[in-house]
8 protein chains.
Amino acid sequence: MHPTRVHDLEFAQLDLGREQRQGLPEVVYGPGKTPEQIRRIADELLRHNTGPVLVTRVDDATAAKVLDELPGGDYHALARLLVWRPAETDGFELTVVSAGTSDLPVAAEAAAVAAAVGLAVTTVQDVGVAGLQRVLRVAELLQASDAVVVVAGMEGALASVVGGLVGCPVIAVPVSTGYGASLEGVTALLAMHASCAAGVTVVNIDSGFGAAMAAHRLAWAGRRRA
Amino acid sequence: MHPTRVHDLEFAQLDLGREQRQGLPEVVYGPGKTPEQIRRIADELLRHNTGPVLVTRVDDATAAKVLDELPGGDYHALARLLVWRPAETDGFELTVVSAGTSDLPVAAEAAAVAAAVGLAVTTVQDVGVAGLQRVLRVAELLQASDAVVVVAGMEGALASVVGGLVGCPVIAVPVSTGYGASLEGVTALLAMHASCAAGVTVVNIDSGFGAAMAAHRLAWAGRRRA
Amino acid sequence: MHPTRVHDLEFAQLDLGREQRQGLPEVVYGPGKTPEQIRRIADELLRHNTGPVLVTRVDDATAAKVLDELPGGDYHALARLLVWRPAETDGFELTVVSAGTSDLPVAAEAAAVAAAVGLAVTTVQDVGVAGLQRVLRVAELLQASDAVVVVAGMEGALASVVGGLVGCPVIAVPVSTGYGASLEGVTALLAMHASCAAGVTVVNIDSGFGAAMAAHRLAWAGRRRA
Amino acid sequence: MHPTRVHDLEFAQLDLGREQRQGLPEVVYGPGKTPEQIRRIADELLRHNTGPVLVTRVDDATAAKVLDELPGGDYHALARLLVWRPAETDGFELTVVSAGTSDLPVAAEAAAVAAAVGLAVTTVQDVGVAGLQRVLRVAELLQASDAVVVVAGMEGALASVVGGLVGCPVIAVPVSTGYGASLEGVTALLAMHASCAAGVTVVNIDSGFGAAMAAHRLAWAGRRRA
Amino acid sequence: MHPTRVHDLEFAQLDLGREQRQGLPEVVYGPGKTPEQIRRIADELLRHNTGPVLVTRVDDATAAKVLDELPGGDYHALARLLVWRPAETDGFELTVVSAGTSDLPVAAEAAAVAAAVGLAVTTVQDVGVAGLQRVLRVAELLQASDAVVVVAGMEGALASVVGGLVGCPVIAVPVSTGYGASLEGVTALLAMHASCAAGVTVVNIDSGFGAAMAAHRLAWAGRRRA
Amino acid sequence: MHPTRVHDLEFAQLDLGREQRQGLPEVVYGPGKTPEQIRRIADELLRHNTGPVLVTRVDDATAAKVLDELPGGDYHALARLLVWRPAETDGFELTVVSAGTSDLPVAAEAAAVAAAVGLAVTTVQDVGVAGLQRVLRVAELLQASDAVVVVAGMEGALASVVGGLVGCPVIAVPVSTGYGASLEGVTALLAMHASCAAGVTVVNIDSGFGAAMAAHRLAWAGRRRA
Amino acid sequence: MHPTRVHDLEFAQLDLGREQRQGLPEVVYGPGKTPEQIRRIADELLRHNTGPVLVTRVDDATAAKVLDELPGGDYHALARLLVWRPAETDGFELTVVSAGTSDLPVAAEAAAVAAAVGLAVTTVQDVGVAGLQRVLRVAELLQASDAVVVVAGMEGALASVVGGLVGCPVIAVPVSTGYGASLEGVTALLAMHASCAAGVTVVNIDSGFGAAMAAHRLAWAGRRRA
Amino acid sequence: MHPTRVHDLEFAQLDLGREQRQGLPEVVYGPGKTPEQIRRIADELLRHNTGPVLVTRVDDATAAKVLDELPGGDYHALARLLVWRPAETDGFELTVVSAGTSDLPVAAEAAAVAAAVGLAVTTVQDVGVAGLQRVLRVAELLQASDAVVVVAGMEGALASVVGGLVGCPVIAVPVSTGYGASLEGVTALLAMHASCAAGVTVVNIDSGFGAAMAAHRLAWAGRRRA
């Protein structure tokens, strides 16, 4: 096992070895933390690591307070993401495709996190399967990607269609939009797992972050291997 | 309300007014009935109605016993359907499209019931969305239909794709094939309801019969209106 | 496949071929869109299509803002629907029947959308099966319809009762009213699928819109066939 | 509290005070017990109580073995019920109404248990709401009953319809027949609870026994009060 | 079938025959109705029936507005119930027992509705099975009742314990109190159905009203029989 | 961390350090293993540890084959347990109480495993809460125990009742007996978690083994502390 | 059974015998009670018992009002706990370990309640299994404890890891943090039950209180036995 | 879009363009197909493609029949996989790690499929988190892999632990082993999605095939990019 280091704040134990093990400092999950706690964690991570520092699911007011105390970062409002010291893009082509306008915040999180950790991100929006030509128009773009993140609520059928069009990794993100039988994203999650397109993988509902991190693992392992 | 007549067998009360109200004699649900009970019900229906008489979900052995006593009917093995006095086809074009080979028994039930009640049925098989060109190849056929029944298990995405291609009524049948996250058809049922294609309707899991009857309602009302 | 055209707004890709394929321009789902986005989409649809333009699930304030910028439309408050350029009624008789006063908003959406796309709509309210005579009083009206939309929460039994009374297509809409065992409409959805009345079809919970679109498919295909 | 007596067999503790507290000896649940255990329990109950002794959910082979050793009882095959020393009927009129032929075994258990504990039972079969006239034909019988047990699978709508027709107690029994969205009786159970007919009560899925015991409580309390 | 009469308000169809069929005018479900609608319905019911008129689930403000326009009624705040012309008590002894202080609003609804329709109601509070002596202290009261309503959230075990103590009808009301595994009352509902005490019946979650109406059916049928 | 040792068989990696860490060798889960695999694992565990060696969920035929090759062990048929080298009893008093005869196999597993690891086990059977006196008769025994395992299916109410009677640890085991609303033990599991008796803990459905191991942890920590 | 005493307030029946039976006065569940009710109950408990008096789930405003009227108690804001007359610590070493910062309120409740009833509590925070070294760093502390409470949301894996490291009792508390597939704690609850670490027990979602009470049972029974 | 070719057998439409789009011929899902259908499909795929041909979920008897008619393939019994013309290994290092012996069939499918499509596969078995040292022993192997497939039932915690140890892609496969709260793999699926280890992706329950195909996508895209 790689050597590991833990930094003990009173309210959190930072896993400083993570950058060495996984090529990226620990990412901070914002909800439930005060601006002051976020600032202190981000500060420590900036000090003891060299890569990008990210805080997810942060609202506007919190972001403003944190950036007041710890300037130099950027806030992506739609993605609710705080970033300091973003990574340089190194050429891994990730396409984030979403099915409807309600899926945009999740797609934005996926795109912003992926860009912050160094992927080259292209986004394609409002590509629902009820109008297939919208998918087919971008088929070549999708087929030229190193990986595709598919963000879709409702029945999540876009994951199957894209999964059948491309040979590269497909990471599906179910979204909690829709009503009734959508069951707050559970239907899309189950449907994506039952997909008839082989080898599609799935992350948690609304987890644009998880999809971006899965893409980061692809890029990181690819770089290491090359 | 139309006049109604009830015929009371010891173990069943036959709704003889249904043919007048709905254009079709009561259809018999086979499971849980003995061959003798089926024979007696079919016999009464043949006697007191003029239209086709159907018994659904009948296994081979039961069918053979019933037909021994009440000849003149046909048994469709894959569809598990017994039919006496099928209706003449009157020109309503129904296409039954299914996603994979596991969906064939349900598609067969839909097609056999629909044909027995007088629809002109075309079937298209193994049209999964993971290979879109298989759907696109039959787009014109689908678009020329008076109604389409979509039979699909797993994630049920075919219903959304077909729903977006055609303007006519689309009746989706979730199928209990697949494993794990397919949850015995519940995932497909929910996904079909959450479909992004507007106006797709859904019937019960594995109910090829229900889809055919929904199509019969379309044809019956259309004929009456014409 | 019919020729397809896609119009690319920055935040949405309009499926302009839909009117030709399905007899109706794309309908806009309001939630998650700004008034300005709604206005721009509606404007484009009015420009590039010839049929009615609808925006669903719009609240009063948003509707007022949109109509300020793009006059000529009507807002149906109970149905939360914006309509420009409604279709002429062409004689397809749709009856929308609802079970209780809590089901009225969903029934209103079904009725308003159906009317906007050219159906002749009659509504019947508060017809619960606990007082059967209320259903029986309107049996002839139901039986004379070209299609019936049944809107019901709680146990959704009205769909079975109506399904048994009429021979025409029955589209059931489960409603998320009720409490406890109603499970926010899931119980009604499941019960309507398990209905003992053959050929009843079901749309998503609270989707008056989906029911109206299903009825539009019936009318459109009927017109085409005639 | 009434005085209580417990009789301790090696494998069971008999609640001999129950007859005094509730007007009926403990009823034996058959599954998981050997014929010899059933015989010994029944023997003790016959010895130490004066009322009817019942064993539920017993298959044919077990029943035969038990009756060989402990004659004098009757076995109701469809109801899977063993009865010794049935009670005299005392005039409480119970009607057991069922929706379809698949519901018959559960209805048979309700009827057989109720008769064994002294109720005057009338059964009405195959009264589905898809043919309302079948219910209406028996409305007067139902309205003249002291209580009604409604046995129904699928969507369970019969409970609402009967609940609206009669003023007496209605005990609904969901049945695990049907397929797909019936969810093995869970849909009927939920739908019966969400019923729009006020004051309908529900017992466990397939529990004809439970319904009969609920009716026994009604009759017992009524007798005590009179 | 008893003669039926329907009174058609614009927004509701009153089932005026219900009093004759079931011994009680239709009860009005408050949610989703305006004060003016409630007033008009109550007014009609008072005019065309002779028994008590009830409106359930009404908040304080609505109740005040309605009573301003239609005086002579009483508002029970904890029960959220409006009553005009309550019935005379005729001697049917109903005990409403609840498990904890969180169950009080539901127990209050059961008690207030039952009293309004003429039952003699006794309430016993905070009788949790974790302190059995609290149940045992009231065993004689329970055993002397004509029926018992058990109101309990969490695991609902009180229904089984009371069901074992008394021979009279037991109507269990699951309550949506508790957190986590209580699943908003679903756990209590299921547990009450799985109860080892035979013949316990269950109504919908939080439905004090349903329990009271079930008790009314008992009393009404008992009176009719006597 | 205590030193750890892993023994690598081709098909399994034995955690030989577990006896030192937890006072008990690794217990073998039988299902899915061949008799030969079980024999080899048990042999290794006997060789490299000093405590009791247990294999759970073993059927008769497998047990016979294993004991042929590796004599010296005992097979408890009802508990489906194989034991070699059982521990000496050291005075920790565990009472295993079960609610009905269907719960006996699970209770037997709990008792047999607990005895094999050195606890002094008393079993009490058929103590359902529908006959409270059966619980109250054994209250003193329960109150004198060092810990109580409560085994109950259906609604699991016995856990709450026992939890309120005793001050010692109560470990509840939900059982998958019952039908319908019992949901194969899920209802009992949820109900036990929602229990109104504070400090009751729960293990997995049907896991007599888990309850015995939880009791072993109590006894082991108590011994260590003494 | 120990002698029992019940004190009857108008709105609550206090189980005064509980201190004698279980070594601790009844603990008051705050939600749904007015400050005045809480004060009166606490006052009675302080008067008639000798041990610590606790009220759980109390918000700041309520706590302030109660303490104004009944001084001498302490309010733990994060734990939402009111305590009067805390017990002396007697040496039982409990470690409360939590997985992330979102789990802190539940961990705080467990720690505060345990301390109030006399346990010696150590807390360890932010020990997620995604950085194993954080667990391994505290392995010796955990292994030296008399019992461990594991508080974890999301997938709850920490319970399995800790369960494998220590031999003492492990009480797992699932937490309702996380989103999507976390299903408000249900996933963690199920996962903890399915844990591969034998003998881990589980309490209700978010029930730091339940875990502390389970630990109190351990300590109380241990003391009694010593 | 790449040119696509469809080959139409009577019972299946082969997607011959898939090899060009995705680097692998269509894989055949065995269940529901006759040996003759499998043989004909495999034959066509061998003829019209150049890569490996696989049939999954095939039992022994079917495999034998197919190989009789179409020799040259291999059958992997534990994996239930038929393979003709396996691909050459090209250096992508995949490690398949499983948690217990019950997970072996799923792990075997993942490994056999991955090997057949050209990955270099290493398998590690019986690495449960209840004995952490078993994971830590193989940490370096895992960290040196290009991707890791984690196969685990029960609570699925191994995915989180491995996800935290390695930086490369982690594909988690929930397994339907375990009982009770395992809910046939649904608990593991949900827990893996809720994992605290960022960027872990999940495939369907028991889908060793899906995991291998996801790994194939990684390798294929990596090769293309290199």
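Residues numbered from 1 in each chain as written. Chains lettered and ligands numbered in written order. Predicted model: local features only at pLDDT ≥ 70, side-chain atom pairs only at ≥ 80, totals over all residues. Heavy atoms only, no water.

Student: Explain a negative patch on the surface residue by residue, including any values.
Tutor: A grouping of A:Glu184, C:Glu184, E:Glu184 and G:Glu184 is seen on the molecular surface, where their side chains present a negatively charged patch. Along the polypeptide, E:Glu184 turns up in the loop between β10 (170-174) and α8 (186-193). What makes E:Glu184 exposed here is its relative accessible area of 62%. (Patch = residues over 30% accessible without salt bridge, like charges linked within 9 Å, V, L, I, M, F, W, Y side chains within 5 Å. Areas by Shrake-Rupley, 256 points an atom, 1.4 Å probe, with all protein chains shown as cover. Salt bridge = Lys/Arg side-chain N within 4 Å of Asp/Glu carboxyl O. Lys, Arg positive; Asp, Glu negative; His and termini not counted. Charge placed at Lys NZ, Arg CZ, Asp CG, Glu CD. Helix = DSSP H or I, 4+ residues; strand = E, 2+ residues; numbered from the N terminus. Buried < 20%, exposed > 50% of the residue type's maximum accessible area, 1.4 Å probe, protein only.)

Student: Lay out the domain arrangement of chain A with the relevant residues and their values.
Tutor: Accessible area lost on assembly of the parts is the figure often given for the size of an interface. All names here are of chain A. Under the domain assignment, chain A is made up of domain 1 (6-84) and domain 2 (93-225). Relative to domain 2, the C-alpha centre of domain 1 lies at a distance of 25 Å. Approximately 1,100 Å² of surface area, both sides summed, lies buried where domain 1 meets domain 2, with 70% of it carried by carbon and sulfur atoms. Its largest share of buried area at the contact with domain 2, domain 1 owes to Leu24, Arg57 and Leu78, together 35% of the area lost on that side. There are one salt bridge connecting domain 1 and domain 2. In this assembly, domain 1 and domain 2 are joined by two residue pairs in polar contact (both at pLDDT 80 or more). Of all the elements in the fold, those that place two or more residues in the side of domain 1 that touches domain 2 are α1 (18-22), β4 (53-56) and β6 (81-84). Of the residues in the side of domain 1 that touches domain 2, the class split is eight nonpolar, four polar and two charged. (Domains from an automatic or database assignment. Buried area = accessible area lost by both parts, 1.4 Å probe. Polar contact = N/O pair within 3.5 Å; in protein donor to acceptor, adjacent residues only side chain to side chain. Nonpolar A, V, L, I, M, F, W, Y, C, P; charged D, E, K, R; others polar.)

Student: Can you tell me about the relation of the copies chain A and chain H, naming the residues and giving the values?
Tutor: With an axial shift of 0.0 Å and an RMSD of 0.0 Å, the rotation relating chain A to chain H amounts to 180°. Such a turn and shift between the copies fits a two-fold axis. Residue by residue, 100% of the interface of chain A is reproduced at the interface of chain H, so both copies engage with the same surface. (Least-squares fit on C-alpha atoms with pLDDT ≥ 70 in both. Contact = heavy atoms within 4.5 Å.)

Student: Account for the interface of chain A and chain H, with residues named and values stated.
Tutor: Taken together, the contact between chain A and chain H spans 43 residues of the former and 43 residues of the latter. Surface buried jointly by chain A and chain H totals about 3,400 Å² across both partners, of which 51% is contributed by carbon and sulfur atoms. Connecting chain A to chain H are two salt bridges. The salt bridge involving A:Asp146 is made with H:Arg225; its shortest N-O contact spans 3.1 Å. On the surface where chain A and chain H come into contact, there are 28 residue pairs in polar contact (both at pLDDT 80 or more). Counting residues per element, the ones that place at least two in the side of chain A that touches chain H are α1, α6 (139-143), α7 (157-165), β10 (170-174), α8 (186-193), β11 (201-202) and α9 (208-225) of chain A. Take the side of chain A that touches chain H: its biggest share by element is ten residues, from α9(A). Per-class residue counts for the side of chain A that touches chain H are 23 nonpolar, 13 polar and seven charged.

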